[in-house]
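What follows is the residue order along each chain.
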Amino acid sequence: MTDVTLAVVLPLLGAFLLPLTAHRGLHWLGMLLGPALLALAALLLFATWTAFESPYAIALGGFAPPLGITFYVDLLGLLFALAVPLTSLLLWPGGSDEAAIRQQSLTLLLAAALTGMALSGDLFNLYVFYELAAVASYGLAASSATGPAFVAAFRFLLISALGSVVTLLGIALIYFKTGTLNLAHLATLSERLADPQGLAAFAMLLIGFGVKAELFPVNAWVPEVYAATGKRVAALLAGLASKLAVLAVVRILLLVFPHDEARQLLLLLGTLGVLSGELAAWQARDVTRMLAWSSIGQLGVVLVAFSLPGKAGLIAGVTVAMHHLVVKSALFLLADRWGGAVDRLKGAATASPLGAALFVLFALSLLGLPPLPGFWSKYLVLSGLAEAGSGMQHLALGVILLGTVIEGGYLLRIITRLYAAPERDIVPPAHRFPNLFASGLLALLLVAGAILIDPLWQGLNTLAASATDTQVYVQTVLGGKGITR
Amino acid sequence: MRNIATLLLLGGLSFLLLVITGGLLFGNPPMLIGQGIQQAAPTEVGAANIVTAVVLGYRGLDTLGELSILFAAATAGGLVLGSTRGRSGRPGGFILRTGVDLLFPLMLVAGLYVVMHGHLTPGGGFQGGVILAAAFFLPLLARPQESLDHTWLSVIEALAGSAFIALGLAALFEGRAFLTPLFDHGVLGALVSSGSLPLLYLAVGLKVGAELASLLVRLSADDEGAS
């Protein structure tokens, strides 16, 4: 029984059942339930990944597409889906009191929703999972139960609600013009959307999904929320949730809007994101805010990469996205006890030498120092931009290079503070073991990525070849072969 | 200054939306999916109410998603409001108490009716669940010192949600896709028809009812605690 729907359904089931364990004598079950289900989901997805031969679709409820909802299973979807339970497991909030159980429920709901977003082949279903992820994120953003966290979560809620309404309008516009919601069916009708109204619909979807993808005009919530909540939640939102929102945009771009205008719009907003994010990070005086703004800049690079046409763009995008997932999650974990001004970090390396060393490793990879994977990811984006050759792309190339220089400036500012002599013997607190352990695992992953560069490249090529082929998608879903009912 | 900027943004946004909708051809939009479902639903699902055939059949996963969204919102609300405090307040007058006593059984029946007939007539689990929640909340307005048992509410909520998923998983274990309707369609329009759809709606109704009731109780308790 390796049906990938279980990877979405099991965490949901766990979230529904978890509140029951708040009652006497069941604490041990509550502690085990979430991690066990996430591990099961990860195993299931991994088994599907290893046994993968060709893309296939699942007709949920047994209703043939395009009438029913479909899940589409290909390497791109599986890669992002697999990242969800693994990252949630790594960033699992422990504890067994009432508030902790609620937070775990929300984490499971977030994991289920994000896995669903990776697999869904239906525009409205994508929106439902996105909405579930958004509501779970509000709860998680407020979970540290401090005044600033409530304010930040409320602002997040308002911006995100605006995004949801805009997305819904965009979906309504698409449905009005085409009469269908299935992505494969929409792919066959995409010329109906090749007009200004179609572009407007894409812009609406982009703005809506962009709220979680930290897209340029709708990312004002980012620094506030990440600064006010627990750093595990920040890592989950910045590292994981943003990537799945990007994946949704990419699927829509590839299948429904294969027009140049849509790519240009993505490129423009991505470039503005890089510029605004890096400049704001340079201004920031506090480590978490700096990382938050820097994450906006990094996601700008991801969007720029995905705006490149063809296989090269998809490979570059996936590489940058996965690299950012690993690095930004780890950096947030390491910044857990380093809240407050950057200057207060003096001497942190003496208190926590391993933590500081890991921070330096991740920062260097983020900057793009060879032979770390960050270098390859940035290289792919830059060479793609240089080859694509129009004015906009060259401008984006320049902005990314400028962004890297600024990034180097502020990351080195943190690193020099870490290794400076402590002032008046006030040393920042050492890292807690679980965070150090989790970021150590991520560091191993990063180093493994640097060593296994060749097989990774091969894998990415096959992944991108099938993901960019719209015909394969349409044939698999609507052609009737490859459907399991 | 900020207000003017907001006003400008809203003005620009509504202008854009007007231009977009102005360019749309109203009258006969393409109805590819709509017509397909209208033709296929009576034989494929067997629910007299086609809306239910869509909500629980064709788009059953979306309904599970909506159910989870409501659950996520209630959980987040619980996280923000904290654990429940005791309720206080004077009992309501004679008219309120008698009225509530009279209304309670009627609302219970109405709620269950709307839930159970969701596959035949307009209504269903979400609508019926809200009526059920109101039915259990009304007595608390009349007698504020009493309270609903939270343990029971959370047990109903958890089991009803799991029942929805279990019905979906049952199809999976029979070798069909998740959430495939089980059992025979039966006679179109009969109370026992359209396979497992009524069971799904019962699960939705109980979950929504329990969730909303506990949220209402929590909100009212906090209100009085503050004043």
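On a predicted model such as this, the values are computed, not experimentally measured, just so you know.

> Help me get a handle on the overall build of chain B, residues and values and all.
Scanning chain B from terminus to terminus reveals eight helices and zero strands. For chain B, the succession of helices and strands along the chain, N to C, is α-α-α-α-α-α-α-α. Relative to a compact globule of 227 residues, whose C-alpha radius of gyration would be 17 Å, chain B shows 22 Å and is clearly more extended. Dimensions of chain B, computed from C-alpha atoms along their principal axes, come out at roughly 60 × 60 × 35 Å. Sorting the 227 residues of chain B into buried and exposed places 45% on the buried side. Long-range pairs, those at least 24 residues apart, make up 72% of the contacts in chain B between residues at least 6 apart in sequence. Roughly 11400 Å² of accessible area belongs to chain B as shown, and the carbon and sulfur atoms make up 71% of that amount. Between the averaged position of the 10 positive side-chain charges in chain B and that of its 13 negative side-chain charges there is a distance of 9 Å.

> Account for the overall build of chain A, with residues named and values stated.
A count of helices and strands for chain A gives 20 helices and three strands. Overall, the C-alpha framework of chain A stretches about 70 × 65 × 45 Å when taken along its three principal axes. Counting the 485 residues in chain A, one finds 64% classified as buried. Long-range contacts, defined as pairs at least 24 residues apart, comprise 79% of the intrachain contacts of chain A with a sequence gap of at least 6. Accessible surface, chain A as shown: approximately 16300 Å² in total, 69% of it carbon and sulfur. When the 25 positive and 23 negative side-chain charges of chain A are each reduced to one mean point, those points stand 7 Å apart.

> So, the packing of aromatic side chains: which residues are in play, and what are the values?
Under the defined criterion, the tally for this structure stands at 15 aromatic pairs over all chains. Taken together, a centroid distance of 5.1 Å and an interplanar angle of 90° make the contact between F16(A) and F71(B) edge-to-face. Here F16(A), found in helix α1 (residues 5–17), pairs with F71(B), found in helix α4 (residues 60–81), and the two come from separate chains. Take F16(A) and F71(B): they sit in the same class, and that class is buried. For the ring pair Y130(A) and F209(A), a centre distance of 4.9 Å and an interplane angle of 80° mean the geometry is edge-to-face. Here F209(A) lies in helix α8 (residues 196–210) and Y130(A) lies in helix α5 (residues 123–141), a separation of 79 residues in the sequence. Taking NZ or CZ as reference, K207(B) lies 4.2 Å from the ring centre of F16(A), over its face.

> I'd like a description of the pattern of salt bridges, backed by residues and values.
Enumeration over the complete set of coordinates arrives at 12 salt bridges over all chains. A single network of salt bridges, built from pairs that share partners, joins D122(A), R59(B) and D62(B).

> Requested: an account of the interface of chain A and chain B, with residues and values cited.
Contacts between chain A and chain B engage 60 residues on the former and 56 residues on the latter. Carbon and sulfur atoms make up 77% of the area that chain A and chain B hide from each other, which totals about 4800 Å². When residues of chain A are sorted by the area they lose upon contact with chain B, F16(A), L67(A) and F176(A) head the list and together hold 17% of the total. Between the two partners, chain A and chain B, sit one salt bridge. Residue R59(B) pairs with D122(A) through a salt bridge whose shortest N-O separation is 2.5 Å. Of all the elements in the fold, those that place two or more residues in the side of chain A that touches chain B are α1, β1 (56–59), α4 (98–119), α5, α6 (147–178) and α8 of chain A. Looking at the side of chain A that touches chain B, the element that brings in the most residues is α5(A), giving nine residues. Residues of the side of chain A that touches chain B, tallied by class, amount to 37 nonpolar, 15 polar and eight charged.

> Lay out the environment of L110(A) with the relevant residues and their values.
Residue and element names in this part refer to chain A. In this structure, L110 sits in helix α4. Classification of L110 by relative accessible area gives buried; the value is 1%. Sequence separation between L110 and A51 is 59 residues; the distance between their C-alpha atoms is 26 Å. When neighbours within four sequence positions are excluded, L110 is seen to be in contact with A133, A136, S137, L140 and L236.

> Describe the nonpolar core, and please don't skip the residues or the numbers.
Core analysis: the biggest nonpolar cluster contains 225 residues, and Y226(A), F257(A) and F362(A) have the highest contact counts within it. No other element matches the 19 residues that helix α10 (residues 231–255) of chain A contributes to this core.

> Explain helix α18 (residues 433–451) of chain A residue by residue, including any values.
Residues and elements named next belong to chain A. Along its 19 residues, α18 runs 27 Å from first to last C-alpha, staying within 8% of the 27 Å computed at 1.5 Å per residue. All buried positions along α18 are accounted for by N435, L436, A438, S439, L442, A443, L446 and G449. Buried residues of α18, seen end-on, are gathered within an arc of 165° and therefore sit on one face of the element. Counted as exposed and oriented over 90 degrees from the buried face of α18: F433, L444 and I451. Residues of α18 that are buried make contact with α3 (75–90), α10, α13 (310–334), α15 (353–367), α16 (373–388) and α19 (453–467).

> How would you explain a nonpolar patch on the surface if you had to name every residue and give the values?
Nonpolar side chains collect at one region of the surface, where V165(A), L169(A), L13(B), L16(B) and L17(B) lie side by side and expose about 410 Å² of accessible area between them. Residue assignment for the nonpolar patch shows that the elements contributing at least two residues are α6 of chain A together with α1 (2–22) of chain B. Along the chain, L13(B) turns up in helix α1. Residue L13(B) is classed as partly exposed on the basis of its relative accessible area, which comes to 39%.

> Can you explain the packing of α5(A) against α10(A)? Please cite residues and give values.
Two measures define how a pair of helices packs: the angle their axes make with one another and the distance between the axes. Residue and element names in this part refer to chain A. Between α5 and α10, the shortest axis-to-axis distance is 12 Å and the interhelical angle comes to 165°. As far as their axial angle goes, α10 and α5 are roughly antiparallel. Viewed along their axes, α5 and α10 form a crossing whose handedness is left-handed. Here L123, L126, Y130, S137, L140 and A141 of α5 lie close against α10, whose contacting residues are V233, L236, L237, A245, A248 and I252. The residue inventory of the contact of α5 with α10, partitioned by class, reads 11 nonpolar, one polar and no charged.

> An account of the side chain of D3(A) is needed here, citing residue identities and associated values.
Tracing the sequence through the fold places D3(A) in the segment before α1. This buried residue, D3(A), is left without a salt bridge; R176(B) holds the nearest opposite charge, at 11 Å. Separated by 2.2 Å, the side chains of D3(A) and T5(A) make a polar contact. Each residue touching D3(A), except ones within four places of it in the same chain, is listed here: L44(A), I58(A) and L172(B).

> Outline the pairing of strand β2 (residues 70–73) of chain A, listing residues and values.
All names here are of chain A. Alternating positions in β2 separate into two faces, T70 and Y72 on one and F71 and V73 on the other, with burial throughout. Relative to β2, β1 is paired through four bridges, and the arrangement is antiparallel. From the neighbouring strand, I58 faces β2, where its bridge partner is F71.

> How would you summarise the packing of α10(A) against α13(A) if you had to cite specific residues and measurements?
Residues and elements named next belong to chain A. α13 packs onto α10 with a crossing angle of 170° between their chain directions and a minimal axis gap of 7 Å. By the angle between their axes, α10 is roughly antiparallel relative to α13. Helix-helix and strand crossings are classified by hand; for α10 and α13 the assignment is right-handed. From α10, K231, R232, A234, A235, A238, G239, L240, K243, V250 and L254 reach across to α13, where they touch L314, A321, H324, L325, K328, S329, F332 and L333. A breakdown of the residues in the contact of α10 with α13 according to their chemical character gives 11 nonpolar, three polar and four charged.

Rules used throughout
- Residues numbered from 1 in each chain as written.
- Chains lettered and ligands numbered in written order.
- Predicted model: local features only at pLDDT ≥ 70, side-chain atom pairs only at ≥ 80, totals over all residues.
- Heavy atoms only, no water.
- Helix = DSSP H or I, 4+ residues; strand = E, 2+ residues; numbered from the N terminus.
- Rg over C-alpha atoms; globule rule 2.2 N^0.38 Å.
- Buried < 20%, exposed > 50% of the residue type's maximum accessible area, 1.4 Å probe, protein only.
- Contact = heavy atoms within 4.5 Å.
- Areas by Shrake-Rupley, 256 points an atom, 1.4 Å probe, with all protein chains shown as cover.
- Lys, Arg positive; Asp, Glu negative; His and termini not counted.
- Charge placed at Lys NZ, Arg CZ, Asp CG, Glu CD.
- Phe/Tyr/Trp six-rings, centres within 6.5 Å; stacked < 30°, edge-to-face > 60°.
- Lys NZ or Arg CZ within 6 Å of the ring centre and 35° of its normal.
- Salt bridge = Lys/Arg side-chain N within 4 Å of Asp/Glu carboxyl O.
- Buried area = accessible area lost by both parts, 1.4 Å probe.
- Nonpolar A, V, L, I, M, F, W, Y, C, P; charged D, E, K, R; others polar.
- Core = buried A, V, L, I, M, F, W, Y, C linked by side-chain atoms within 4.5 Å.
- Expected span 1.5 Å × (residues − 1).
- Arc of directions from axis to C-beta.
- Patch = residues over 30% accessible without salt bridge, like charges linked within 9 Å, V, L, I, M, F, W, Y side chains within 5 Å.
- Axes fitted to C-alpha atoms, helices over the stretch in contact; angles between N-to-C directions.
- Parallel < 35°, antiparallel > 145°, perpendicular 65-115°, else oblique.
- Left-handed = near helix turned anticlockwise from the far one by under 90°.
- Polar contact = N/O pair within 3.5 Å; in protein donor to acceptor, adjacent residues only side chain to side chain.
- Pairing = 2+ DSSP bridges.

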